[in-house]
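Structural features, examined
Residue strings, one per chain:
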Amino acid sequence: MHVVTIPVLRGCIRHLLNGSSLTCRCRIAWKRNYSFFRDDVKSVKAVLNPDISKIRNIGIMAHIDAGKTTTTERMLYYSGYTRALGDVDDGDTVTDYMAQERERGITIQSAAVTFDWKDHRINLIDTPGHVDFTLEVERALRVLDGAVAVFDASAGVQAQTLTVWRQAQKHKIPCVCFLNKMDKPAASLKYSIDSIKTKLKANPVLLQIPIGSGKGFTGLVDLITKQKIMWLENSLASDGRDFEMRALQPSEDPELLQSVSEARGALIEQVADLDDEFAELLLGDYGENFDAVPAGKLQEAVRRVTLARKGVPVLCGSSLKNKGVQTLLDAITAYLPAPNERHHDLVRWYKDDLCALAFKVIHDKQRGPLVFVRIYSGTMKAQSAVYNINRNGTERMSRLLLPFADQHIEIPSLSAGNIALTVGLKQTVTGDTIVSSKASAAAAVKRAENEAEDNRSSHRESSSLVLAGVEVPEPVFFCSIEPPSMAKQADLEHALSCLQREDPSLKVRTDPDSGQMILCGMGELHIEIIHDRIKREFNIETHLGPLQVAYRETILQSASASDTLDRTLGDKRHVVTVELTVHSWTESGTSCDITFEDKVKAQLSSDIREAVEHGVQSAYFQGPVMGCPVQGVQTVIQHVSWESGTSSAMVSACVSRCMLKALRLAGGQVLEPVMELEVTLGEENLSSVLGDLAQRRGTVREIQTQQENKVLLATVPLAEMMGYSTVLRTLTSGNATFSLELSSYEPMNLQDQNTLLNKMAGLA
Ligand code: GDP
């Protein structure tokens, strides 16, 4: 089978599929590289629209710095997609294509990359590891069928991996683990496997053992096939492309033979425990003779175990030293599911009609918004109209592209299971479901209803034909943003609306008092990146106000209040009287509630009821202490009376005023976001970092030992963590890493609250 590198074929394919002849330049490239395809346009079509069972939609997830980007680069290189090895340390990788990513060496936007490996099509979404961008990860996981978790083998499971792992579990995504950095002296297979068991509560199925350790790490033994795989250190290129693969010989190092035999025995027993079919085969045909178990049967069983999510295959390697990436690619195709092996009700109801989910929008200067879609059923065609169920509107898609990081290849159509990039969809935003027409959506509703009737189950709402979107977390930071001049205000609004379509975790609102635009985001880095992108991509120099923490408010006790509003506007008199009680409602988490006493409920028309609710909600929006959103409050409406001719707006205004009174009487309490902090550092820096944390109102929960490092787990108020990365870098000479994640909103003590209020009032 030929491995086809699509970028080289690009021009040729376009011409052939359009039915026109090749241009001179294309002809040369075609002849030189792919003359075997010359008369076989069908094969070219197969390259573009592969058999669904050969597609793998895969995400890579990891803690920052574990080596995702390096691993992705190596995959692209060995698949023939790139011709030179990219290096994150030099800032020239393919997937980290946004300028900020290249500069900062982190992956921010999920870049989808498509490449072929052996006879499989791999659509790979490179997900970011920084906690400010967990929404990106969630968005990517929503449309993937399988994931590779990359670990630093010297650190095992780290904080961010845990978060992403939980997200993958939520979406029931089968995973493969890759223990990277086996070349590091502190790398430990045992430690990493144990941490997968204890921290991820997963069941690791070890498929390889490393040969040599630290700098002496030279290869692997595949426990399924008993093949020894050695990368040739002294080969001229030393790019890891050449490796030697042969069956283990009886003349090998006896220690290696012994550990292979033990590890393979353990693997077979473990798989037999997890898979009944394999257990029966083992008992019936092989008994204790594990050596005779055929590799194919064992591999099939490991695949079943992985797809049933009873275990996760574990592989090892060193991406930087070019070892183990080809075997990881083999494992992706062997163990992770094809799109048709995943269960989606919608596929059944839409049959061969198009059904796709928009999972990411990016803004391209020339082409406008580009929408990434995952096709669940049917075929998507360029220059066709599609119906967006969520927006209830038909849109025209002009072009269809295959995504190759920052390069895109134009294609005429794409079938189910694939990931595509569409041009021309102006209304569609992240999370929308796209089908071919309103009629096809109606037909799917019919099928779903018929099925529900056959099953005698409850009537299915048509909304269930919409693919589940993405949960957007609440922002914890905000700051004002100003254009350089009033003339640029409209441009800035446009830029922010483009960026919001791309990134729903970015929120923009207008301050009701100052009229300023406020940017709300997930962290310092998030806001900084947005600021940077407005400058680079939209050419607007904006001014950001100081970064502020998004506080909340609650009440500590119950209080009742009543209010009467009597106002004459023009020749109309408006009179309303309201009585209500607010209660502290701690078990509610972050929400608030409103109820009406029965006698009140009976007398309210729907208009007045809505006006009352609106009044309560606007009081929840701006609390009495600092004007922050209120949480954990239940309001009971006890009395509402009004004279005829009173407008709804006056009812709302009276309720809001009465709420403010009641909330003030109930004693306001400020809640602040408290973060879960994990710092990995050397023992020599521990005391200075602990000292610094004490000054930040931090509470140390645990100090763990991780090989030669210490892992410090603490909770710290977010307000104390501004600029922490710079301070930590100085304290540890750059030898520590940390991650920060929202834990909960906690009440501030009286002294801290007073300090904060004085600061806000400009008194401190
Ligand atoms: P990401 O943040 O997970 O995308 O990680 P990167 O791929 O950017 O790698 C982070 C750092 O680890 C870089 O300095 C890489 O050169 C280094 N790195 C990546 N893979 C390996 C490896 O296999 N061995 C060693 N020793 N370093 C590695």
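Structural notes, computed from the coordinates. Here the structure is a predicted model, which means the values were calculated and not measured. (Residues numbered from 1 in each chain as written. Predicted model: local features only at pLDDT ≥ 70, side-chain atom pairs only at ≥ 80, totals over all residues. Heavy atoms only, no water.)

Things to note about the environment of Ala-382
Mapped onto the elements of the fold, Ala-382 is located in the loop between β14 (379-381) and β15 (384-388). The spacing of Ala-382 and Leu-401 is 19 residues in sequence and 8.7 Å in space, taken between C-alpha atoms. Ignoring any residue separated from it by four or fewer positions in sequence, one finds Ala-382 in contact with Met-397, Ser-398, Arg-399, Leu-400, Ile-411 and Pro-412. (Helix = DSSP H or I, 4+ residues; strand = E, 2+ residues; numbered from the N terminus. Contact = heavy atoms within 4.5 Å.)

Thoughts on the layout of surface pockets
Looking at the second largest pocket, its volume works out to about 920 Å³. If you trace the second largest pocket, you find 34 residues lining it, with Phe-478, Arg-509, Gly-627, Cys-628 and Pro-629 closest to the centre. Contributing elements (two or more residues each) for the lining of the second largest pocket: β22 (477-482), β23 (507-510), β24 (517-521), β26 (548-549) and α18 (606-621). Taken together, the residues that form the lining of the second largest pocket break down as 19 nonpolar, 9 polar and 6 charged. Mapped onto the domain boundaries, the lining of the second largest pocket takes at least three residues apiece from domain 3 (477-549) and domain 4 (553-666). (1 Å grid on protein atoms, 1.4 Å probe; cavity = no way out; pocket = protein on both sides within 12 Å on 5 of 7 lines; lining within 4 Å. Points joined across faces, edges and corners; volume = space filled by probe spheres on them. Nonpolar A, V, L, I, M, F, W, Y, C, P; charged D, E, K, R; others polar. Domains from an automatic or database assignment.)

A few points about helix α20 (residues 686-695)
Within α20 the residues assigned to the buried category are Leu-686, Val-689, Asp-692 and Leu-693. Buried residues of α20, viewed axially, fall in a sector of 135°; they line one side. Opposite the buried face of α20, by more than 90 degrees, sit the exposed residues Ser-687, Ala-694 and Gln-695. Buried residues along α20 sit in contact with β32 (668-682), β33 (699-706), β34 (709-717) and α21 (724-732). A positive phi of about 60° marks Arg-697, the residue just after α20. (Buried < 20%, exposed > 50% of the residue type's maximum accessible area, 1.4 Å probe, protein only. Arc of directions from axis to C-beta.)

Describing the side chain of Thr-333
One can find Thr-333 in helix α12 (residues 325-335). Here the side chain of Thr-333 touches Asp-330 through a polar contact of 2.8 Å, landing on its backbone oxygen. Once residues within four sequence positions are removed from consideration, Thr-333 is found in contact with Arg-56, Trp-117, His-120 and Ile-122. (Polar contact = N/O pair within 3.5 Å; in protein donor to acceptor, adjacent residues only side chain to side chain.)

Quick notes on the sheet that holds strand β8 (residues 219-222)
Read across the sheet, 4 strands follow the order β7-β8-β9-β10 without closing on themselves; strand pairing throughout is antiparallel. One side of each edge strand has no neighbouring strand; the edge strands of this open sheet are β7 (208-211) and β10 (243-247). Direction aside, the axes of adjacent strands within the sheet are offset by 20° on average. One ladder, built from 4 bridges, connects β7 with β8; its direction is antiparallel. Its bridge partner lying in β8, Ile-211 is registered against Gly-219. Helix α9 (residues 254-274) contacts β7 and β8 of the sheet and is inclined by roughly 165° relative to β7. Where α12 meets the sheet, it contacts β7, β8, β9 (227-231) and β10, and its direction lies at approximately 135° from that of β9. (Pairing = 2+ DSSP bridges. Axes fitted to C-alpha atoms, helices over the stretch in contact; angles between N-to-C directions.)

A few points about the pattern of salt bridges
Oppositely charged side chains can form a pair if their charged atoms are brought close together. By the definition in use, this model includes 30 salt bridges. Ionic pairing is found between Asp-119 and Lys-54, a salt bridge with its closest N-O pair at 3.2 Å. Here Asp-119, found in the loop between β2 (111-117) and β3 (120-126), pairs with Lys-54, found in the loop between α3 (41-48) and β1 (55-62); they are 65 residues apart in sequence, far enough to count as distant. The exposure class of Lys-54 is partly exposed, given its relative accessible area of 28%. Ionic contacts of the salt-bridge type, sharing partners, join the residues Lys-228, Glu-244, Arg-246 and Glu-252 into one network. (Salt bridge = Lys/Arg side-chain N within 4 Å of Asp/Glu carboxyl O.)

Some remarks on the packing of aromatic side chains
Under the defined criterion, the tally for this structure stands at 4 aromatic pairs. Pairing Trp-231 with Phe-243 gives two aromatic rings, centres 5.4 Å apart and planes at 40°, and the pair type is tilted. Highlighted residues: Trp-231 in strand β9 and Phe-243 in strand β10, separated in sequence by 12 residues. Classification of Trp-231 by relative accessible area gives buried; the value is 5%. (Phe/Tyr/Trp six-rings, centres within 6.5 Å; stacked < 30°, edge-to-face > 60°.)

Thoughts on the pairing of β1
Judged by how many residues are buried, β1 sits mostly within the fold: 8 of 8 residues are covered. Going residue by residue along β1, you find Ile-55, Asn-57, Gly-59 and Met-61 tucked away on one face and Arg-56, Ile-58, Ile-60 and Ala-62 tucked away on the opposite face as well. Where β1 meets strand β4 (residues 146-152), 5 bridges bridge the pair, whose relative direction is parallel. Along β4, the bridge assignment pairs Ile-58 with Gly-146.

Treat this as a map of the structure, not an account of what it does.
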